Every structure is written in C-alpha cells, then in structure tokens.
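Residue-level listing of the chains:
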Amino acid sequence: MAENKRLILPGFLSHDACKELEFIHKSCSAVGYRPHVFSTTLAHLIATNSAYLIMPFIPIRERLKETIEDFFGCQYELSVEFTGLISWTKGASIGWHSDDNRPYLKQRHYAAVCYLNNYGEDFKGGLFHFQEGEPNTIVPKIGDAILYTADECNVHCVDEITDGERCTLTLWFTRDSAHNEDAKLINQISDRLYTYMNIRMDEDSNSDSFLASPRKGFMLPDSHSETVEELSISENVGNLKPFGNLNHSSDSIARDWLPLPASSNMYWVNPEVLTSEETYDPLVNSRYNTLQEQSGFDIRWARLSLLGFELRFEKAWNNLKEREASMQTTNNDLITYSIDALHQPLRLKSFGIELPELFINSLHALQVVQFYHWKVHKQSCYCINEDDRNVSKAEAFREASARYQDSQIQESNHSKQLLFEKSDMQKRQLATFNMDSCIVSIEEQHRFRSEDFVQACCDWKHYVCTLIRALLTSFPHWKANDMIFPVPS
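## Digging into the overall build of the protein
Consideration 1: Along its length, the protein carries 16 helices and 17 strands.
Consideration 2: Within the protein, buried positions represent 55% of all 489 residues.
Consideration 3: Accessible area of the protein: about 21,300 Å², with a carbon and sulfur share of 47%.

So, in structure tokens, the structure goes:
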C-alpha cells in the first residue's frame, strides 16, 4: 500500500482526448445532481441511443484503474463503480466532504478526477482543496488527473465557480463487485440490441442526405416485445439486424443510431430550483408537477443558441397554427407544443444563413453542432476578437435569445414566454450559463461558412460509424467476460 493517499498526474490525458470528452458532454448532458451542475453518464448515453459514445471512455477507464491498482497496491481488486462527465457552472460549489460520506456511498473506495479544461481560461473559481496533506490546492489544468482514496483521509472541497463551465471526467472505483458498473451497462446495451434485433428498416436509396430521410422505426419502444427471441449476443452478433451487420453502408448505420432525447425534465434548467441551496432531483421536483408550471430554459436550446444557431420547427409550428385557427388550443396546449417541438424534426439557421440539413430532433442537431464546433470551428483560421470579449456575457446571451424568439416562435406568444421568459429572474439565470469560451465573436460570425458546416455533418456521420463498428466488434467480448475493456482492433 502506498503511504500517500493521493496521486497527482500532470498531463495524464492528451489535449485531443479532453476535447473529445468535452464534445460528448456538451452534446449530450442533462441537468445534474446539484444546482448549476450538468452531467453525462454512460447509462444516459446508452439510454439516448448514443451508446457508441461510450467508446472513447473505455481506454481511459482502463488506464485509470490500472494506475490506481498499482499505486495503492490493490491489483485485480477493483471495479468501476461510476463513470461520468460533470460540469459546474456559475454558482456551483461544494463544501468539505469525503466521497464516501453517505451510507449509500460506502462502496466507493477510490476516486479519479480528470480535468478537461483550464482554470482561468475556460472558467473562474472552482479550485480544488484538500483539508490536510500536500498538495493542498489543485489548480485545474486540461489533461491533469487526481487519484485519491474516497475516505476521510481525503476530505476536500471545491470553490464556487464565478464564471464559465468547469468540465471533468469523474470515476469512482470499488472493491465490492456487487457495485460494478460494467455489468449494468452491458445489460443495458444488450436490451438496446435485443430491442432492435428483428426490426427491418426500409432503405431509402433516393435520398441525397441521410440526415434528410431518417428511416422508419428509429424510435425506441418502452420495452422490447415479448416475441423477441433472446439470442446470445456473443454468438449471434452477425445476426443482429441492422446493427450487427458491419457491412451496411455508413448512411444506413448512422441513421439507425440517431440520438433520441430523454424526458424533457432531464434538460430543463429551472431558475427557481437553481436559487435553492438544496440538492435536488431533476426528475422529481416537489414544487412543480409538470414543465408547464415551470419557468426556465432547455439546456439543448441554450447550448445551440450560445454557439449562434437558431432552431426552426416547421412541422411543429404548422400544427400549432392549425390548432390555433380552429380555436382548439389552451394555454397549456401552446406550452406543450413548444416543449414537444424540441423532440421533433428541425432545421438550423446560423448568422443569417439557412442551413439545408434536416435533424430528427434537437439532441441530434446539438450533437452535430458540437461536433462542428469541436472538429471544424476550433481547427479553422477563425480568430477570437478579444475586444468582443468585453461585451457583457449576459447581454450576448440575451441577444441570442432575442434572435431565437424573433425567428422561431412568432406564431405564439405563449411559446415565446416559455422558452425565454423576459423576467429579471430568467435573465439572471440565463446569464449564469454564459461562458467566455462558448460565446461566438463578431469576427467568427462573419467567417461562418455553410460549406464548413455541411462538411462537418458528413464528418460527424463518419465519426459515428467508426465508433458504432468499434462498439459492435467489442460487445461480444464484453458480454462473454461480463466486463468492459479495450478490445484490440
């Protein structure tokens, strides 16, 4: 056993690995377990038909587990108890605590925190402090990792975030195999594959764009049919249709795995809850029975808006206009249409440019936009104008929100109030979500090219297909060993 109770690993993750995980988080995250916190768990990725996005985590989890076992002298004893991407925004903090400080957390024996962005550049505040021992204070730096015991030997706290978004990859490890995360994830993936196993989807050979013609049957049923034969995944991966056939075209594979949103509550940021100091469950909020009774904003829309993209829901608004014309709508109907629109097909507009791609829902659009921002935008010749950073972040967000109102929901004042209610409370809470590194500058707006975005859509499809093939190749080995681990290609 190592005498030290913690290990600091500068540069444990590469810059590219950090940016890929940040992309996954910002395109898939839901409301977290504390006010001002957003999270992306592996279970959430699988549940939203984005199981392929767990693949970048696999080698990192393995490296962290091996490093902890070597340093703390517990080789072959540990299982991963939890893996998640967690971001803290303005107002988030946590006082002195150990990571096993609740009866239901006693299975956590070791912790690993990997920083995905930089203190001072991407966020302010958020320093990590240990109560005793050295080093006492950790300044988050992209790629650095902290490994420590989860007990009272490493009581710690995190300073309040005063600006930006602090992103981390967080894992806990356990000696208790009953709390092994892998078994649960493997079962969850199996359920997804079984659900789709006998679904045959029609090929649309006349489509010019796989995004423009999602195939029938992409929506998940609540549970798989009782008639589905329980085949052994390890023996019949090649029989899984269409997902087990790695010879299918990229268009076919990508369409089958379009992301599907979770419940709207999972993405709803409620300003009244955000002002509370109490830990809350985003799915069970005693103050409100339904989203219709809440003020707030949707995190998917907020992230798209921050990057300069407006949402256009043609079908949803046409249906709404028809109901309004027939005088069949109530106030709650109008609000429900606004929420439901985020789960329906949409197009995007950016800096006055209408983009041709059709997205199956807002989560699909957000994943492609974040991919563009990660792969194309950040690697282009775009240059942030530092003078533009002097503009109030709150004002920048309000301007983006105003653009959204004017172009998207002119047909319904009720909808307008739902997605951006012009109250002082709403403005303050939207301002807390602003991030220097995410608000686009005037110069970037002028240099936006639709050709780059269209290319990013194609590159996203290739990226997804590569991960799907890796998942389907690895899964039989995971199933056979009841363990998730890197499988050599």
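## Quick word on the sheet that holds strand β11 (residues 156-158)
Consideration 1: Read from one edge of the open sheet, four strands run β5-β11-β8-β9, paired in antiparallel fashion. Edge positions in the sheet fall to β5 (94-97) and β9 (137-138), since each of these pairs with one other strand and no more.
Consideration 2: As paired strands, strand β8 (residues 128-130) and β9 are joined by two bridges and run antiparallel to one another. In the strand pairing of β9, Phe128 is matched with Ile138.

## Describing the sheet that holds strand β17 (residues 353-354)
Consideration 1: Pairing is antiparallel across the open sheet formed by three strands, whose spatial order is β15-β16-β17. Here the strands that pair on one side only, and so sit at the sheet edges, are β15 (309-312) and β17.
Consideration 2: Where strand β16 (residues 347-350) lies against β17, two bridges are found, and the strand directions are antiparallel. Counterpart to Lys349 in the pairing with β17 is Glu354.

## Thoughts on the nonpolar core
Consideration 1: The biggest cluster of nonpolar side chains holds 91 residues, and the ones touching the most others in it are Phe309, Leu348, Phe453 and Trp478.
Consideration 2: The element that contributes the greatest number of residues to this core is helix α16 (residues 450-481), accounting for 12 residues.
Consideration 3: When near neighbours in sequence (up to four residues on either side) are disregarded, Phe453 contacts Phe309, Leu348, Leu355, Glu357, Phe359, Val368, Val369, Tyr372 and Phe448.

## Digging into the packing of aromatic side chains
Consideration 1: What the rule picks out here adds up to 19 aromatic pairs.
Consideration 2: On the numbers, 6.3 Å between centres and 80° between planes, the contact of Phe309 with Tyr372 is edge-to-face. Of the two residues, Phe309 is situated in strand β15 and Tyr372 in helix α11 (residues 362-377); the sequence distance between them amounts to 63 residues. Each member of the pair, Phe309 as well as Tyr372, is classed as buried.
Consideration 3: One aromatic cluster in this structure is built from Phe23, Phe371, Trp374 and Tyr463.
Consideration 4: In this arrangement the basic side chain of Lys375 is found over the ring face of Trp374, its NZ or CZ atom lying 4.3 Å from the centre.

## Some remarks on the environment of Gly95
Consideration 1: On the secondary structure map, Gly95 appears in strand β5.
Consideration 2: As for Gly95 and Asp159, which are separated by 64 residues in sequence, their C-alpha atoms are 7.9 Å apart.
Consideration 3: Leave out the neighbours within four places in its chain, and Gly95 touches His156 and Cys157.

## Brief notes about the pattern of salt bridges
Consideration 1: Under the definition given, this model contains 11 salt bridges.
Consideration 2: Residue Arg61 pairs with Glu181 through a salt bridge whose shortest N-O separation is 3.0 Å. Pair noted here: Arg61 is in helix α3 (residues 57-72) and Glu181 is in helix α4 (residues 181-196), with a separation of 120 residues, a long-range link.
Consideration 3: On the accessibility criterion, Arg61 (3% relative accessible area) is buried.
Consideration 4: Under the relative-accessibility criterion, Glu181 is labelled buried at 9%.
Consideration 5: Residue Arg449 is joined to Asp452 by a salt bridge in which the shortest nitrogen-to-oxygen separation is 2.8 Å.
Consideration 6: A relative accessible area of 17% places Asp452 in the buried class.
Consideration 7: Linked through salt bridges whose partners overlap, the residues forming this network are Lys19, Glu22 and Lys26.

## Focus on helix α8 (residues 299-306)
An α-helical segment advances 3.6 residues per turn. Residues three or four places apart therefore align on the same side.
Consideration 1: Counting buried positions along α8 gives eight out of eight residues, so the element sits mostly inside the fold.
Consideration 2: Listing the buried residues of α8 in full gives Ile299, Arg300, Trp301, Ala302, Arg303, Leu304, Ser305 and Leu306.

## Quick look at unusual backbone geometry
Glycine aside, negative phi is the norm for most residues, and most peptide bonds take the trans geometry.
Consideration 1: In the segment running from Glu134 into Pro135, the intervening peptide bond is cis, with an omega of -5°.
Consideration 2: Structurally, Pro135 can be placed in the loop between β8 and β9.
Consideration 3: One non-glycine residue, Tyr76, adopts positive backbone phi at about 65°.
Consideration 4: Mapping Tyr76 onto the fold places it in the loop between α3 and β4 (79-89).
Consideration 5: Judged by its relative accessible area of 80%, Tyr76 falls in the exposed class.
Consideration 6: Within the chain, Asp482 stands out as a residue other than glycine whose phi angle is a positive 55°.
Consideration 7: Secondary-structure assignment places Asp482 in the segment after α16.

## Focus on the environment of Leu193
Consideration 1: With respect to the secondary-structure elements, Leu193 resides in helix α4.
Consideration 2: Leu193 sits in the buried class, given a relative accessible area of 4%.

## Thoughts on the pairing of strand β10 (residues 145-149)
Consideration 1: Counting buried residues along β10, five of its five residues qualify, which places the element largely inside the surrounding structure.
Consideration 2: With burial as the criterion, each face of β10 is covered, one bearing Ala145, Leu147 and Thr149 and the other bearing Ile146 and Tyr148.
Consideration 3: Where strand β6 (residues 110-115) and β10 come together, five bridges link them in antiparallel fashion. Bridge assignment links Val113 to a residue of β10, and that residue is Ile146.

## A look at the side chain of Ser29
Consideration 1: Locating Ser29 in the fold gives a position in the loop between α1 (15-28) and β2 (30-31).
Consideration 2: Those residues in contact with Ser29, other than ones at most four positions away along the chain, are Phe38, Ser39, Thr40, Tyr267, Ile299 and Arg303.

## Looking at the confidence of the model for the protein
Consideration 1: Looking at the protein, pLDDT values average 75 and 62% of them are 70 or higher.
Consideration 2: Below pLDDT 50 for its whole length, residues 274-293 participates in 36 contacts with residues either more than four positions away or in separate chains.

Scoring rules and cut-offs
- Residues numbered from 1 in each chain as written.
- Predicted model: local features only at pLDDT ≥ 70, side-chain atom pairs only at ≥ 80, totals over all residues.
- Heavy atoms only, no water.
- Helix = DSSP H or I, 4+ residues; strand = E, 2+ residues; numbered from the N terminus.
- Buried < 20%, exposed > 50% of the residue type's maximum accessible area, 1.4 Å probe, protein only.
- Areas by Shrake-Rupley, 256 points an atom, 1.4 Å probe, with all protein chains shown as cover.
- Pairing = 2+ DSSP bridges.
- Core = buried A, V, L, I, M, F, W, Y, C linked by side-chain atoms within 4.5 Å.
- Contact = heavy atoms within 4.5 Å.
- Phe/Tyr/Trp six-rings, centres within 6.5 Å; stacked < 30°, edge-to-face > 60°.
- Lys NZ or Arg CZ within 6 Å of the ring centre and 35° of its normal.
- Salt bridge = Lys/Arg side-chain N within 4 Å of Asp/Glu carboxyl O.
- pLDDT = per-residue confidence, 0-100.

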